[in-house]
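Each chain, letter by letter, is given below.
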2 protein chains.
Amino acid sequence: MPKLNECYLDIKESYLFAEISRRVSEYEKNNPGKDIIRLGIGDVTLPLSKRVLDALHKGVDDQGDPSTFKGYGPEQGYGFLREAVSGYYGSNGVDIDPDEIFISDGAKSDTGNITELFDRDNTILVPDPVYPVYVDTNIMGGKSVKYMAGNEENGFLPMPDPKVHADVIYICSPNNPTGAVYDKERLTKWVDYALDNHAVILFDSAYEAFIDDPSLPRSIFAIEGAKKCAIEFCSLSKTAGFTGTRLGYTVIPKDLVFPTSRGGQMSLHAMWFRRQSTKFNGASYIVQRGAAEVFTKEGMEECRANIAYYKENAKIISEALDANGIWYTGGKNSPYIWFRCPHGMGSWEFFDRLLNEVQVVGTPGEGFGDNGKGFFRLTAFGERERTKEAMKRMEKILQ
Amino acid sequence: MPKLNECYLDIKESYLFAEISRRVSEYEKNNPGKDIIRLGIGDVTLPLSKRVLDALHKGVDDQGDPSTFKGYGPEQGYGFLREAVSGYYGSNGVDIDPDEIFISDGAKSDTGNITELFDRDNTILVPDPVYPVYVDTNIMGGKSVKYMAGNEENGFLPMPDPKVHADVIYICSPNNPTGAVYDKERLTKWVDYALDNHAVILFDSAYEAFIDDPSLPRSIFAIEGAKKCAIEFCSLSKTAGFTGTRLGYTVIPKDLVFPTSRGGQMSLHAMWFRRQSTKFNGASYIVQRGAAEVFTKEGMEECRANIAYYKENAKIISEALDANGIWYTGGKNSPYIWFRCPHGMGSWEFFDRLLNEVQVVGTPGEGFGDNGKGFFRLTAFGERERTKEAMKRMEKILQ
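None of the values given here were measured: they were computed from a predicted structure. (Residues numbered from 1 in each chain as written. Chains lettered and ligands numbered in written order. Predicted model: local features only at pLDDT ≥ 70, side-chain atom pairs only at ≥ 80, totals over all residues. Heavy atoms only, no water.)

A. Spotlight on the overall build of chain A. Counting its regular elements, chain A contains 11 helices and 15 strands. Along the first, second and third principal axes, the C-alpha set of chain A runs to 60 × 55 × 55 Å. Taking all 399 residues of chain A together, the buried fraction comes to 63%. In chain A, 72% of the contacts between residues at least 6 apart in sequence involve partners at least 24 apart. Put simply, chain A shows about 14600 Å² of open surface, and 49% of that area lies on carbon and sulfur atoms. (Helix = DSSP H or I, 4+ residues; strand = E, 2+ residues; numbered from the N terminus. Buried < 20%, exposed > 50% of the residue type's maximum accessible area, 1.4 Å probe, protein only. Contact = heavy atoms within 4.5 Å. Areas by Shrake-Rupley, 256 points an atom, 1.4 Å probe, with all protein chains shown as cover.)

B. The interface of chain B and chain A, seen in detail. At the interface, 85 residues of chain B touch 85 residues of chain A. Of the roughly 7000 Å² buried between chain B and chain A, counting both surfaces, carbon and sulfur atoms make up 57%. The three residues of chain B that bury the most area against chain A are M1(B), L4(B) and R274(B), which together make up 11% of that side's buried surface. Applying the counting rule to chain B against chain A returns 12 salt bridges. Of all the elements in the fold, those that place two or more residues in the side of chain B that touches chain A are helix 2 (50-62), helix 4 (107-113), helix 5 (132-140), strand 9 (257-259), helix 7 (268-279) and helix 8 (285-294) of chain B. The residue inventory of the side of chain B that touches chain A, partitioned by class, reads 34 nonpolar, 28 polar and 23 charged. (Buried area = accessible area lost by both parts, 1.4 Å probe. Salt bridge = Lys/Arg side-chain N within 4 Å of Asp/Glu carboxyl O. Nonpolar A, V, L, I, M, F, W, Y, C, P; charged D, E, K, R; others polar.)

C. Structural view of the layout of surface pockets. Of the pockets and cavities examined, the second largest pocket occupies roughly 1300 Å³. Ranked by residues supplied to the lining of the second largest pocket, first place goes to helix 1 (residues 16-30) of chain B with six residues. (1 Å grid on protein atoms, 1.4 Å probe; cavity = no way out; pocket = protein on both sides within 12 Å on 5 of 7 lines; lining within 4 Å. Points joined across faces, edges and corners; volume = space filled by probe spheres on them.)

D. Molecular detail of the packing of helix 1 (residues 16-30) of chain A against helix 10 (residues 347-358) of chain A. Residues and elements named next belong to chain A. Put simply, helix 1 and helix 10 touch, their axes get as near as 11 Å, and they point 35° apart. You can see that helix 1 and helix 10 cross each other, and the crossing is right-handed. Each of L16, E19, I20, R23, V24 and Y27 in helix 1 lies in contact with helix 10, whose residues at this interface are W348, F351, D352, L355 and N356. Per-class residue counts for the contact of helix 1 with helix 10 are seven nonpolar, one polar and three charged. (Axes fitted to C-alpha atoms, helices over the stretch in contact; angles between N-to-C directions. Left-handed = near helix turned anticlockwise from the far one by under 90°.)

E. Quick peek at the packing of aromatic side chains. Residue and element names in this part refer to chain A. Inspection of the entire model under this criterion finds 48 aromatic pairs over all chains. Their ring planes at 75° and their centres at 5.5 Å tell us that F156 and W338 sit as a pair that is edge-to-face. Within this pair, whereas F156 is found in the loop between strand 4 (145-149) and strand 5 (168-172), its partner W338 is found in strand 12 (residues 336-340), the two being separated by 182 residues in sequence. Here F156 and W338 have matching classes, each one buried. (Phe/Tyr/Trp six-rings, centres within 6.5 Å; stacked < 30°, edge-to-face > 60°.)

F. Representation of the nonpolar core. Ranked by internal contacts, the top residues of the largest apolar core, which has 201 residues, are I201(A), F339(A), I201(B) and F339(B). Not counting chain neighbours up to four residues away, the residues in contact with I201(B) comprise I169(B), I171(B), W190(B), V191(B), A194(B), I220(B), C229(B), A230(B) and I231(B). Ranked by size, the runner-up nonpolar core spans 62 residues in total, among them A107(A), I139(A), V200(A) and V135(B). (Core = buried A, V, L, I, M, F, W, Y, C linked by side-chain atoms within 4.5 Å.)

G. Highlighting the relation of the copies chain B and chain A. At an RMSD of 0.0 Å, chain B and chain A line up after a rotation of 180° and a shift of 0.0 Å along the axis. What we have between these two chains is a two-fold relation. Closest approach to the rotation axis among the C-alpha atoms of chain B is made by H57(B), whose C-alpha sits 3.0 Å away. Both copies contact each other with a shared surface, as 100% of the interface residues of chain B are interface residues in chain A too. (Least-squares fit on C-alpha atoms with pLDDT ≥ 70 in both.)

H. Quick peek at helix 2 of chain B. Between its first and last C-alpha atoms helix 2 of chain B spans 18 Å; for 13 residues at 1.5 Å apiece the expected length is 18 Å, and the two agree. Among the residues of helix 2 of chain B, V52(B), L53(B), A55(B), L56(B), H57(B), G59(B), V60(B) and D62(B) are the ones counted as buried. The elements touched by buried residues of helix 2 of chain B are helix 2 (50-62) and helix 8 (285-294) of chain A together with helix 8 of chain B. (Expected span 1.5 Å × (residues − 1).)

I. View of the pattern of salt bridges. The tally for this structure, following the rule as stated, stands at 66 salt bridges over all chains. Across the pair D167(B) and K3(A) runs a salt bridge, and its minimum N-O distance is 3.5 Å. With D167(B) in the loop between strand 4 (145-149) and strand 5 (168-172) and K3(A) in the segment before helix 1, this residue pair bridges two chains. Residue class for D167(B) comes out buried when judged on its relative accessible area of 2%. Judged by relative accessible area, K3(A) falls into the partly exposed class, the value being 33%.

J. Examining the sheet that holds strand 5 of chain B more closely. Residue and element names in this part refer to chain B. The seven strands lie next to each other as 2-8-7-6-5-3-4, forming an open sheet whose pairing is mixed. Taken across any chain shown, the strands that pair with only one partner, and hence form the sheet edges, are strand 2 (101-104) and strand 4. Neighbouring strand axes in the sheet, compared pairwise and without regard to direction, differ in orientation by 25° on average. As judged from the five bridges shared by strand 5 and strand 6 (residues 200-204), these two strands associate in the parallel manner. When the bridges of strand 6 are listed, I169 appears paired with I201. Across the face of the sheet, helix 7 comes into contact with strand 2, strand 6 and strand 7 (230-235) while running at roughly 25° to strand 2. (Pairing = 2+ DSSP bridges.)

K. Seen up close, the environment of A166(A). Within the secondary structure, A166(A) is located in the loop between strand 4 and strand 5. On the basis of relative accessible area, A166(A) is assigned to the buried category, the value being 0%. If sequence neighbours within four positions are ignored, A166(A) has contacts with T123(A), L125(A), Y193(A), N197(A), A199(A) and M1(B).

L. Spatial organisation of the pairing of strand 3 (residues 124-128) of chain A. Residue and element names in this part refer to chain A. Within strand 3, five of the five residues are buried, which leaves the element mostly enclosed by the surrounding structure. Side-chain alternation along strand 3 places I124, V126 and D128 on one buried face and L125 and P127 on a second face that is also buried. Across five bridges, the pairing between strand 3 and strand 4 is parallel. Bridge pairing in strand 4 places L125 opposite K146. Both strand 3 and strand 5 contribute to a ladder of two bridges, which runs parallel. Note on strand 5: the bridge partner recorded for I124 is V168.

M. Representation of the confidence of the model for chain A within the structure. Here chain A shows a mean pLDDT of 97. Residues at 70 or above account for 100%. For this predicted complex, the interface confidence reaches an ipTM of 0.97, while the overall pTM sits at 0.97. (pLDDT = per-residue confidence, 0-100.)

Structure, rendered in structure tokens:
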């Protein structure tokens, strides 16, 4: 009889999106024909850019010709794509060797699978509110996490507590769900803390392409010392609309080397290489071809046009909150807008009012953790006119 | 300071392919201009079929149109593909519900990641010789494995030993590396043993499309009772040449339910659904579109034409061995031919003779485990004329 991994029993079921869906369905049943606007969505809606599509077609063609056909590729990704990612980092002023880049099918896989490299016996810090994957993937592996409070006082950007020792620290900036972005000074404090504690920062930069403000770091490796303490996860999901096309990349510096209890040292880069070579067979060649196009000058310009569209939506939402004096984070260098529910309403109370009174659907902040209570998330991934219409409808509730 | 997963220190480094590559490079350096034929390759070489290419192009087009654009898809795969896989099973006389099918980026990912569902405390059986991924992925997770001997007596098809209790059993049929195929009678004995022991069989059917003999099971689920004790992994890598395009699928029956130490039961299907929802974001939509075409009548016919090409190569190799009275497995319902090295030579001794005397490269059997000593693997994935030429060259050594 197999003994199953009972850590799975310790994962909290997330009822957030199921509960949203239930309430919306019930409303629709009782109010047929009502026009509901959905701004809860965390997924892109614009199609891929023309140049990326051309490159994907070219990739497909390559698979039809014996002279260009590609079978098994390198598990860490093709050199052409790792060099393109390295060049992209370079264009942002960050020096990353292609050998430190691992291509994958997405950042969700990598942030989840990276937990395998760590022993159960570690102090792991995650922010609250939090992207649930950070927590659940650790629980699945028998690990426990400690929370760092995000709140109005710290702008939902928790800072290191010198009294707390950590071994592994999750940071997501621009943040999902709060849209808050660490500036250089704050991120430097985290890097310094990690170096002092010999900790590893797992940095999720999935939304970096939404940063316009040149003073804000788009990569943890823009901070001095980070190559000795950080791993970065990124993807083309939000940069280039690859949520359904699938491609991510992870940067593991070769300097991340730690002693073992058996003597000697282990390198996280070497461990991840081994992990990926053994449990992964590389991202699709076709998708890697499309991805490489994203990192060309013209490809990136096309992707930026889509991001600009979403950012204009974010601006529309932010301006409506500003007009009503509502406190929020995000909306400027992020597709997410995270705000305090007006008039002291609870997250779900506000959700119900929006749904019932103006037929707008968003995401109750408390679904992302206790510190999200009384907060609410809207996203910029909707359609322009619908976003405008939603904010117009919401005005009377926000006032 | 993070405590790293020191189980990684227990993985044996496989020097097999590195050592082959080293010896070939050295030979080339010392013998410039010699024409070397490589029959060690375990990767397809023929391009994708026309209909699959068309479907992939269509998938790319869908990503360029707002009305057909796909963002995040279901983590377990689109319904259209799960239904196509279910239909394929049906056409082979096996009834599998689409809900029991999980689409992924490949069987290597799934066979590796499935180990997460099991506790460290299990008796895990793997064959020797073995596809190294089964062993390494268990070692990485702190588990140990027991070996079942494959040898000339059992035709490299180890059978259950009633004196040995197992919790988890790996079976690969048609086998990599030996090409041996379990018949219905032998596979039934394994299913009966698993049911008696309340064990789970992890069945790798990656090479099922090479089976022509209608009496041989192409799925463990062709055996009565298997839905109560087996998980099956398959992929389009060898069925349709997707080694670089990437797509796999795993079947987990809902009946696989086991008691927990905390009381109650856990379902492997539910655990895998949770695992994939948390650590995976679905296979590329574009690739899923191409994959669905494989399972149409016309798509499958085109794929079968490629398989027929490889099988003709296998026949050429088998006939050369037959002509010299050399014992072998595979070659008939498999792309692999696994044979006893002639004249009592060791695997590496034979390798060196082939390389130095006739410039043919194959794979020494002992690289797959102790029981591979004195055996050798050739594959049918080469080009037709090169395969013929290789066997002609080898004649004087095989005699």
